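The chain contents come next:
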Amino acid sequence: MMMLSARPTGNGAKPQRSLSKALLRRTLALAFLLGLLASLITFAGDLQREKLALESRVLDVLTSAVPSAASAVYDYDQQAAVQVVRGLMLQNAVTHVQIFNGGHVMVDEQRTVVPTLPQLGFIGAADVVAFERPLHAPGDINSDQDIGRMLITIDRSLVAPEVLERLLSFVLVTTGKNVAFGVLLYWLVFNVLARQIARLNQVMAQWRPGDGGLHLPLVRGILRATEVDGLHQRFSELTALSNSALKVLQESHDSVLVDNSELSQAVSDRTQKLEEANERLQHLADHDGLTGLKNRASFDRYFAKAYEKAVKTNGPLEVVLIDVDHFKAYNDFYGHQAGDKALATLADILRSVAQRMGCFLARYGGEEFVGIVMSASVTANDVAHAVHRALEAANIEHQHSTVARRITVSIGTASFSDFRSVARPDVLVSAADDALYEAKFSGRNRTVASTPEIRAIAEEKRLSVQALLHAVEERAFEPYVQPQVDARTGEVVGAEALARWVQDDGKVVAPGGFMDIAEKTGLIKKIDMIILDKIQAFLLANPDVVPKMSFNVTGENLRDVDYVTRVVDIAGATGVNLVVELLETAFLDQPDDLVLWHLDTLRDAGVEIHIDDFGTGRSSIMALMAIRPQRLKIARELVMPLGQQKGQRELCKNVIEIAKLLDMDVIAEGVETTEAAQIMVKIGCPVQQGYVHYRPISLDALLEMGAQSQAS
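Everything numeric here is computed off the predicted structure, so don't read it as measured data. (Residues numbered from 1 in each chain as written. Predicted model: local features only at pLDDT ≥ 70, side-chain atom pairs only at ≥ 80, totals over all residues. Heavy atoms only, no water.)

Asker: Hey, could you go over the packing of helix 6 (residues 296-313) against helix 10 (residues 425-441) for me, with residue numbers and the actual values?
Answerer: Orientation of helix 6 relative to helix 10, taken along the N-to-C sense of each, is 110°, at an axis distance of 10 Å. With respect to helix 10, the element helix 6 is oriented roughly perpendicular. The two elements helix 6 and helix 10 cross, and the hand of that crossing is right-handed. Two secondary-structure elements touch here, helix 6 through Phe 299, Phe 303 and Tyr 307 and helix 10 through Pro 425, Leu 428 and Val 429. (Axes fitted to C-alpha atoms, helices over the stretch in contact; angles between N-to-C directions. Helix = DSSP H or I, 4+ residues; strand = E, 2+ residues; numbered from the N terminus. Parallel < 35°, antiparallel > 145°, perpendicular 65-115°, else oblique. Left-handed = near helix turned anticlockwise from the far one by under 90°. Contact = heavy atoms within 4.5 Å.)

Asker: Tell me what's going on with the sheet that holds strand 3 (residues 128-136), and back it up with residues and numbers.
Answerer: The four strands are arranged 2-1-4-3 in an open sheet whose pairing can be described as antiparallel. Where the open sheet ends on each side, the last strands, each with one partner, are strand 2 (104-110) and strand 3. Averaged over all neighbouring strand pairs, the angle between strand axes comes to 15°, with direction disregarded. Here strand 1 (residues 94-101) runs beside strand 4 (residues 146-155); their pairing, made up of seven bridges, is antiparallel. Bridging across to strand 4, Gln 98 finds its partner in Leu 151. (Pairing = 2+ DSSP bridges.)

Asker: I'd love a proper account of the sheet that holds strand 7 (residues 368-373), names of residues and values included.
Answerer: The strands making up a sheet associate through backbone hydrogen bonding, with each pair oriented either parallel or antiparallel. The strand order across the open sheet formed by five strands is 6-7-5-8-9, and the pairing between neighbours is mixed. Two strands lie at the open edges of the sheet, namely strand 6 (360-365) and strand 9 (447-449), each paired on one side alone. In this sheet, neighbouring strand axes are inclined to one another by 20° on average, regardless of whether the strands run parallel or antiparallel. As paired elements, strand 6 and strand 7 share five bridges and run antiparallel to each other. In the strand pairing of strand 7, Gly 365 is matched with Glu 368. In this fold helix 10 packs onto strand 5 (318-324), strand 6, strand 7, strand 8 (409-415) and strand 9, with an angle of close to 145° to the strand it touches most, strand 8.

Asker: Give a description of the pattern of salt bridges that names residues and reports values.
Answerer: Following the criterion strictly, the structure yields 21 salt bridges and no others. Here Arg 488 ties to Asp 486 by a salt bridge, and the two come within 3.0 Å at their closest N and O atoms. Residue classification places Asp 486 among the buried residues on the basis of a relative accessible area of 11%. One network of salt bridges, with partners in common, ties together Asp 323, Asp 325 and Lys 440. (Salt bridge = Lys/Arg side-chain N within 4 Å of Asp/Glu carboxyl O. Buried < 20%, exposed > 50% of the residue type's maximum accessible area, 1.4 Å probe, protein only.)

Asker: Run through a nonpolar patch on the surface, naming residues and quoting values.
Answerer: A cluster of nonpolar side chains, Ile 621, Met 622 and Met 625, forms an exposed patch at the surface whose accessible area comes to about 330 Å². With respect to the secondary-structure elements, Met 625 resides in helix 18 (residues 621-627). Assessed through its relative accessible area of 47%, Met 625 is described here as partly exposed. (Patch = residues over 30% accessible without salt bridge, like charges linked within 9 Å, V, L, I, M, F, W, Y side chains within 5 Å. Areas by Shrake-Rupley, 256 points an atom, 1.4 Å probe, with all protein chains shown as cover.)

Asker: Residues and numbers for the side chain of Ser 64, please.
Answerer: Checked against the element boundaries, Ser 64 lands in helix 1 (residues 13-74). On the basis of relative accessibility, which here comes to 12%, the residue Ser 64 falls in the buried class. The residues contacting Ser 64, other than those within four sequence positions of it, are Glu 275 and Asn 278.

Asker: Could you give an account of the packing of aromatic side chains, naming the residues involved and the relevant values?
Answerer: Summed over all chains, the structure comprises 11 aromatic pairs. A ring pair is formed by Phe 299 and Phe 303, whose centres lie 5.4 Å apart and whose planes are at 10°; its orientation type is stacked. In this pair, Phe 299 and Phe 303 are both assigned in helix 6, four residues apart and thus about one turn of the helix distant. Their ring planes at 50° and their centres at 4.7 Å tell us that Tyr 437 and Phe 441 sit as a pair that is tilted. (Phe/Tyr/Trp six-rings, centres within 6.5 Å; stacked < 30°, edge-to-face > 60°.)

Asker: Any chance you could break down the pairing of strand 16 (residues 631-634) for me, citing the residues and the numbers?
Answerer: What you see with strand 16 is no split at all: Arg 631 and Lys 633 on one side and Leu 632 and Ile 634 on the other are buried throughout. Sheet topology places strand 15 (residues 608-614) next to strand 16; three bridges connect them, and they run parallel. Across the sheet, the residue bridging to His 610 is Arg 631, located in strand 16. Bridge analysis of strand 16 against strand 17 (residues 665-669) gives four bridges, and the strand direction is parallel. Looking at strand 17, one finds that Ile 634 is bridged to Ala 668.

Asker: Can you lay out helix 6 for me, pointing to particular residues and giving the numbers?
Answerer: Between its first and last C-alpha atoms helix 6 spans 25 Å; for 18 residues at 1.5 Å apiece the expected length is 26 Å, and the two agree. Along helix 6, the positions that sit buried rather than exposed are Ser 298, Phe 299, Phe 303, Ala 306, Tyr 307 and Ala 310. Projected down its long axis, helix 6 shows its buried positions confined to an angular sector of 150°, all on one face. Measuring from the backbone nitrogen of Ala 297 back to the side-chain oxygen at the start of helix 6 gives 3.4 Å, which picks out Asn 295 as the cap. In the segment just after helix 6, Asn 314 is the residue with positive phi, at about 55°. (Expected span 1.5 Å × (residues − 1). Arc of directions from axis to C-beta. Polar contact = N/O pair within 3.5 Å; in protein donor to acceptor, adjacent residues only side chain to side chain.)

Asker: A description of the confidence of the model for the protein should follow, citing residues and the corresponding values.
Answerer: Summary statistics for the protein give a mean pLDDT of 80 and a share of 80% for residues scoring 70 or more. Model confidence for the protein, summarised as mean pLDDT per element, is weakest for helix 4 (residues 217-222) at 43 and strongest for strand 18 (residues 687-689) at 95. The low-confidence segment residues 1-10, where pLDDT is below 50, has 25 contacts with residues more than four positions distant or belonging to other chains. (pLDDT = per-residue confidence, 0-100.)

Asker: Please give an account of the side chain of Asp 486 that cites residues and values.
Answerer: By the secondary structure assignment, Asp 486 is in strand 10 (residues 477-486). Sequence-distant contacts of Asp 486, defined by excluding residues within four places in its chain, comprise Glu 491, Val 493 and Pro 686.

Asker: Describe unusual backbone geometry, naming the residues involved and giving the relevant values.
Answerer: Located in the positive-phi region is Asp 613, a residue other than glycine, with phi close to 55°. Relative to the elements of secondary structure, Asp 613 occurs in strand 15. For Asp 613, a relative accessible area of 22% translates into the label partly exposed. Despite not being glycine, Asp 663 has its phi angle at roughly 60°, a positive value. Within the secondary structure layout, Asp 663 lies in the loop between helix 20 (648-661) and strand 17. The exposure class assigned to Asp 663 is exposed, which follows from its relative accessible area of 71%.

Asker: Account for the nonpolar core, naming residues and giving values.
Answerer: Judged by nonpolar contacts, the single largest core of 72 residues is most densely connected at Phe 477, Phe 551 and Met 680. At eight residues, the largest contribution of residues to this core is made by helix 13 (residues 524-541). Once you skip the residues sitting within four places of it in the chain, Met 680 turns out to touch Ile 634, Val 639, Leu 642, Cys 652, Ile 656, Ala 668, Cys 685, Pro 686 and Gln 688. (Core = buried A, V, L, I, M, F, W, Y, C linked by side-chain atoms within 4.5 Å.)

Asker: I'd love a proper account of helix 20, names of residues and values included.
Answerer: The end-to-end C-alpha distance of helix 20 is 20 Å, a good match for the 20 Å that 14 residues give at a rise of 1.5 Å each. For helix 20, the full list of buried residues reads Gln 648, Cys 652, Val 655, Ile 656 and Ala 659. Axial view of helix 20: buried residues confined to an arc of 95°, hence all on one face. The exposed set on the far side of helix 20, more than 90 degrees from its buried face, consists of Lys 660 and Leu 661. Elements in contact with the buried residues of helix 20: strand 15, strand 16, helix 19 (636-639), strand 17 and helix 21 (674-682).

Here it is as structure tokens:
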């Protein structure tokens, strides 16, 4: 066997380094390309999943928006439809939304978008998908009717920036890991092998024939156990590092799966909450928040369809309009929270009656409710009677009702059979309202059905109310005064202010011509305040024209802090002795704590308290002692018959005796004859008011009378 020997030379390191660099470049290039390819494949897959998730989220939002869009199309509410479209446009992927009302475009909104990553070519290009949803009519009648449709176009390439950042970060990290893996592989495997091959190549290149045997100590050195162990150790380290990297990658993958699962669950929960919120909004849009009944808008929609059906089929249709009697007084006495509770209780009662009688019920507004009866076996009158009986059984306390000591309602009804020639549902509701108006004016707590006569009366009263409202706006009320005199001397000792309506044609209307309407329409306080304003202006300009100025005060005004404060302010500003006259029938039955408190306030301000029309009510000595008036005004019903009826003189004398016992003065009103005036003087009542002395006169006439008195 020929032995070869070789001797290494000093320049052997150079080829080794050159070969190592070449292997390193190739290793790095191959690792980078393979890592980049794997990362791009992963990126494309994740991006496609994100597109599908984006499409799912948009479809969930679209589904939740369908009821609102249907409601907007049904009501032809352009603004509501625009709000639905704008809500959908909040999704970045939505590029075009159309809402159709039948075959017509109701809303059409689109926008031009830029691909999220245009530099990625086909991956970032537009990925347009269009969806269509039909819109069905809401409500109870024909609920499956197709009234329109909604189209939505999305671009699935518009992935959220944070998602793209996460995916690109994953690509970069993965590529970096692969490159690092290649470099490590080079250093642990290829670099060792390349160094040994370079040494072997050096020995072979230096051998020449005749040199003898070829000795390859370096080649044998490759197979030394220590170097094999070292190579095994390096492969073990590489395997451990690879396993660690795979473990980190698996944990990252599991974390992404968990995040995706949590995100999917969050999207599902969000979608469910949106659907629930949409259902609540739809319920709030159709129902009254306080009573839970259908609201005015729901009634209008239902009634329009019911009326249309009645016109086509000539079927039964009646309207029942229900209004709570004296509900303002209930709120004022018990408070608005108690008033709301009473309305809710009343609504439960009405709902029970409506369900039992099979009729539609809604809250029309305030304390007013409306029902629709479409049955041949049940009439509006049957429903009204059932409501009255149910309220009577409930017995809801109302101390300040002038009808009863419990809450009552007034009801007006109207039947479609009386209006078949009029194809307008509002006319039927207006007729029921006229009947309700008549029930109110007839004393409340009753049911009135619409008739031509009632509608004519209601129209006349409506015109009167409009005229009175106009008079209040124009402040067309003037204080007239009726002087009060000492019948022994003829001296004017005071005057009572009386409201007069001065109409546009100059006609002066006494309270009997408008007071009833003013009280029932709630205008009495405004008229009283107008009279107070003009009395104050007159007294400020003429403080000495009359010793005392008196005026009537209603029970409502005496419970009003603003009104009482106004009287106190006038007394302080003018310096004139003011007198408030309280109707015996209104105050002496049960004077409450608020009335007594306000009376003390007036008394402390120097305002005198008189009882008007004394002798016609049901006063008691205890009530008089609680109010403590300075004077009793003997009612005209007792004074006017003097000299004509036996016993009237004794009645008046008894009233005067009662006043003396209670340390109170007296004044007689309704003194119409000289004989009556003389009798009242003889029995101890010299201060009198009546036509025999003076009729009511204007403030200018009072000034002129005062001037003549001073001149004489």
